[in-house]
Amino acid sequence: MAKQQKRLEPPTSPKEFGFFVDGNSVPAGSREIFERYSPAHELPVSRIPKCTKADVDSAVSSARQAFEDRRWSGLSGHDRSAVLLKTADLIRQNQDEIALWETLENGKPISQARAEVGGCVGMFEYASGLARILHGDSFNNLGDNIFGLVTREPVGVVGLITPWNFPFLILCERVPYILASGCTLVVKPSEMTSVTTLLLAKILCEAGLPDGVINVVTGSGRTVGQAMTEHLDIDMLSFTGSTEVGRSCVEAAGRSNFKKLGLELGGKNPQIVFADADLEDATDGVAFGAAFNTGQCCVSGSRLIVEKSVAAEFTEMVKAKFTKVSVGDPLDENTQVGAITTAAQTQTILAYITKGQEEGARLICGGTQLDLGKGQYIAPTLFSDVTSDMAIARDEIFGPVLTVQSFETVEEAIAIANDTVYGLAASVWSKNIDKALTVMRRVKAGRFWINTTLSGGPELPLGGFKQSGWGREAGMMGVEEYTQVKSTHLELGKRNLWIT
Ligand code: NAP
């Protein structure tokens, strides 16, 4: 029988947090404070310092010192692995507290938050093994007098900027891999959702991570984030967020020190459904892919592309699912879709819904803000009669809005799927392996699902094609990404003299 969970509650007054430098929590002092309200409960829950550029400098200098004296990169893979494994254990022990803060600051359902934190335990466990597996290459085929070595070195000081939609999950898809490589880091969470990043820094230090290896600066993207993108002493920046800010990271890297960049950006992800799919499974998957995390999901399957012969029937089936989804208080264990994270995002989603109707799409269900007494909620929304030129089909809405388009041939399905500047993720639903694999090969996306959607784990790398980003996080590639490659030629025996 499922374990009965005790209902968690918001704090009676907002909790104060400091930022985190060189193993210490630094109180706000005279700095301005950002007070975060729970988007579901309309209560202030956390108070976070707004760090300054000088704070970014001190965090970077702490990470630099920790990198250069080799207190972390100089350890064996075995010793780094032990810290990551211990961290996994501590995250497991603190699962409820971390999940509660995710729910309070982001608005996501508590059961979902708990599952995400469980997934993060797996990320640390997996990366702990990679700390020991990371290796280079050798060339023993260069002739008797030459030996070639390819070694990997940590890049150095990494800046990590994360968004508000999966504050802890996205953090944990990166931090253990960065640490496995031997780098040190400075993290900036979204101002909306800083608490769980601060909790992770504390947990890592408790697990034995040396002081200064992880530092967290809190505050706004424009001040703290931008200072990081321009910083001359950050060797690599891993940015997850909008394509627009991603572009400014590229420009800032070019203006400053050509720091290496990892970019995980937006998506407008297709879900292609063939008439030969298990339509019951496909309906459930499509509804989940679009409404999960209120659609505030970079890999959200926000474009349904369905075979014409079943389009009308399938649209009705998705509508039935959408109207059954339980939207409400994210602290209720039965809630499936919680609150929209920010007031600005609520307005953006509603504006797109209005625009869709103005452009001639047909609203099938949802489309309205739900009045649940308090909090900001939007019902899962479905539009049919959508064409590829409409804003609702082109732009990443980042809300629970699904558009329906139909196709008659495999080629047409692929063309509609690829008709986007993005290339983050895609799903196909079909019981015909030829069709499913043809679509997988031809649709330009970094993540692909066949007869499922939004599944994942630490093993497979994450990242996008086209304007969805550069580089890969997680998996072995996620560790290698944070290394530089050095090629060494070693001559044996007597040199063949050039000057005699
Ligand atoms: P965002 O506005 O781009 O913000 C992302 C992060 O960048 C936040 O920490 C933000 O700080 C910071 N930031 C804002 N302006 C900045 C600047 N000028 N310089 C440096 N940093 C800056 O994105 P968001 O609204 O949080 O998240 C939604 C977007 O992220 C969507 O486009 C979504 O697709 C994308 N996303 C992609 C992935 C992926 O893996 N591909 C995953 C999740 C989300 P503040 O919030 O404190 O201002």
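Everything here concerns the structure above.
So, the overall build of the protein chain
Working step 1: Counting its regular elements, the protein chain contains 16 helices and 25 strands.
Working step 2: Computed over the C-alpha atoms, the radius of gyration of the protein chain is 24 Å, within 12% of the 23 Å expected from 2.2 N^0.38 for a compact globule of 500 residues.
Working step 3: Counting over 500 residues, the protein chain shows a buried share of 56%.
Working step 4: Of all intrachain contacts in the protein chain linking residues separated by at least 6 positions in sequence, the fraction that spans at least 24 positions is 74%.
Working step 5: Accessible surface, the protein chain: about 20,900 Å² in total, of which carbon and sulfur atoms supply 51%.
Working step 6: For the protein chain, the separation between the mean place of its 48 positive charges and that of its 59 negative charges on side chains is 3 Å.

Some words on the sheet that holds strand β4 (residues 33-37)
Working step 1: In space, the 3 strands of this open sheet follow the order β1-β5-β4, with mixed pairing throughout. If you trace the sheet from one side to the other, it starts and ends with β1 (15-16) and β4, each paired once.
Working step 2: Note that β4 and strand β5 (residues 44-49) share 5 bridges and pair antiparallel. Following the sheet pairing, Arg36 is matched in β5 by Ser46.
Working step 3: Contacting β1, β4 and β5, helix α3 (residues 95-106) crosses the sheet at an angle of about 95° to β5.

Quick look at the site of the ligand
Working step 1: Around the ligand there are 29 residues in total, and Thr162, Glu191, Ser242, Leu265 and Glu396 lie nearest to it.
Working step 2: The contact in question runs from an oxygen atom of the ligand to an N or O atom on the backbone of Gly221, over 3.2 Å.
Working step 3: Glu396 has a polar side-chain atom sitting 2.5 Å from an oxygen atom of the ligand.
Working step 4: Compared with its free state, where it exposes 900 Å², the ligand has 87% of that area covered by protein.
Working step 5: The set of elements that each furnish at least two residues to the shell around the ligand consists of α8 (221-230) and β11 (236-240).
Working step 6: Examining the composition of the shell around the ligand, we find that 4 residues originate from one element, α8, more than from any other.
Working step 7: Here the shell around the ligand is built from residues that sort into 11 nonpolar, 13 polar and 5 charged.

Focus: the environment of Gln369
Working step 1: The topology assignment puts Gln369 in strand β16 (residues 369-370).
Working step 2: Residues Gln369 and Phe314, spaced 55 residues apart in sequence, show a C-alpha to C-alpha distance of 25 Å.
Working step 3: Not counting residues within four places of it along the chain, the set of residues in contact with Gln369 comprises Thr346, Leu350, Gln376, Tyr377 and Ile378.

Some remarks on the sheet that holds strand β7 (residues 146-154)
Hydrogen bonding along the main chain pairs the strands of a sheet, whether they run parallel or antiparallel.
Working step 1: If you walk across this open sheet you meet the 3 strands as β6-β7-β25, and the pairing is antiparallel. The strands lining the two open edges of the sheet, one partner per strand, are β6 (137-139) and β25 (483-491). Going across the sheet, the axis of each strand differs from the next one's by a mean of 20°, ignoring polarity.

Re unusual backbone geometry
Working step 1: Although it is not a glycine, Leu454 adopts a positive phi angle of roughly 60°.
Working step 2: Mapped onto the elements of the fold, Leu454 is located in the loop between β22 (447-450) and β23 (465-466).
Working step 3: Positive phi, normally seen in glycine, also occurs at Lys466, with a value near 50°.
Working step 4: Mapping Lys466 onto the fold places it in strand β23.

Quick notes on the pattern of salt bridges
Working step 1: By the definition in use, this model includes 26 salt bridges.
Working step 2: Linking Glu191 and Lys50 is a salt bridge whose minimum nitrogen-to-oxygen distance equals 3.2 Å. Of this pair, Glu191 sits in the loop between β9 (184-188) and α7 (195-206) while Lys50 sits in the loop between β5 and α1 (53-68); the two residues are 141 residues apart in sequence, bridging distant segments of the chain.
Working step 3: Given the relative accessible area of 12%, Glu191 is considered buried.

Here we look at the side chain of Thr342
Working step 1: Counting through the fold element by element, Thr342 comes out in the loop between α11 (308-324) and α12 (343-358).
Working step 2: For Thr342, a relative accessible area of 10% translates into the label buried.
Working step 3: In terms of polar contacts, Thr342 uses its side chain to reach the backbone amide nitrogen of Gln345, at 2.9 Å.

Quick look at the side chain of Thr243
Working step 1: Mapped onto the fold, Thr243 is located in helix α9 (residues 243-255).
Working step 2: At 3.3 Å, the side chain of Thr243 forms a polar contact with the backbone nitrogen of Gly266.
Working step 3: Here Gln467 takes part through its backbone oxygen, which lies 3.3 Å from a polar atom of the side chain of Thr243.
Working step 4: Residues in contact with Thr243, not counting those within four places in the same chain, are Leu265, Gly266, Tyr422 and Gln467.

Thoughts on the pairing of strand β8 (residues 157-161)
Working step 1: Counting buried residues in β8 gives 5 out of 5 residues, a clear majority hidden from the surface.
Working step 2: Both faces of β8 are covered, namely the face carrying Val157, Gly159 and Ile161 and the face carrying Val158 and Leu160.
Working step 3: Two elements, β8 and β9, share 5 bridges in a ladder whose sense is parallel. Bridge assignment links Ile161 to a residue of β9, and that residue is Lys188.
Working step 4: For β8 and β11, the ladder comprises 4 bridges, and the chain directions are parallel. Bridged to Leu160 within β11 is Ser238.

Criteria and cut-off values
Residues numbered from 1 in each chain as written. Predicted model: local features only at pLDDT ≥ 70, side-chain atom pairs only at ≥ 80, totals over all residues. Heavy atoms only, no water. Helix = DSSP H or I, 4+ residues; strand = E, 2+ residues; numbered from the N terminus. Rg over C-alpha atoms; globule rule 2.2 N^0.38 Å. Buried < 20%, exposed > 50% of the residue type's maximum accessible area, 1.4 Å probe, protein only. Contact = heavy atoms within 4.5 Å. Areas by Shrake-Rupley, 256 points an atom, 1.4 Å probe, with all protein chains shown as cover. Lys, Arg positive; Asp, Glu negative; His and termini not counted. Charge placed at Lys NZ, Arg CZ, Asp CG, Glu CD. Pairing = 2+ DSSP bridges. Axes fitted to C-alpha atoms, helices over the stretch in contact; angles between N-to-C directions. Near = heavy atom within 4 Å. Polar contact = N/O pair within 3.5 Å; in protein donor to acceptor, adjacent residues only side chain to side chain. Nonpolar A, V, L, I, M, F, W, Y, C, P; charged D, E, K, R; others polar. Salt bridge = Lys/Arg side-chain N within 4 Å of Asp/Glu carboxyl O.

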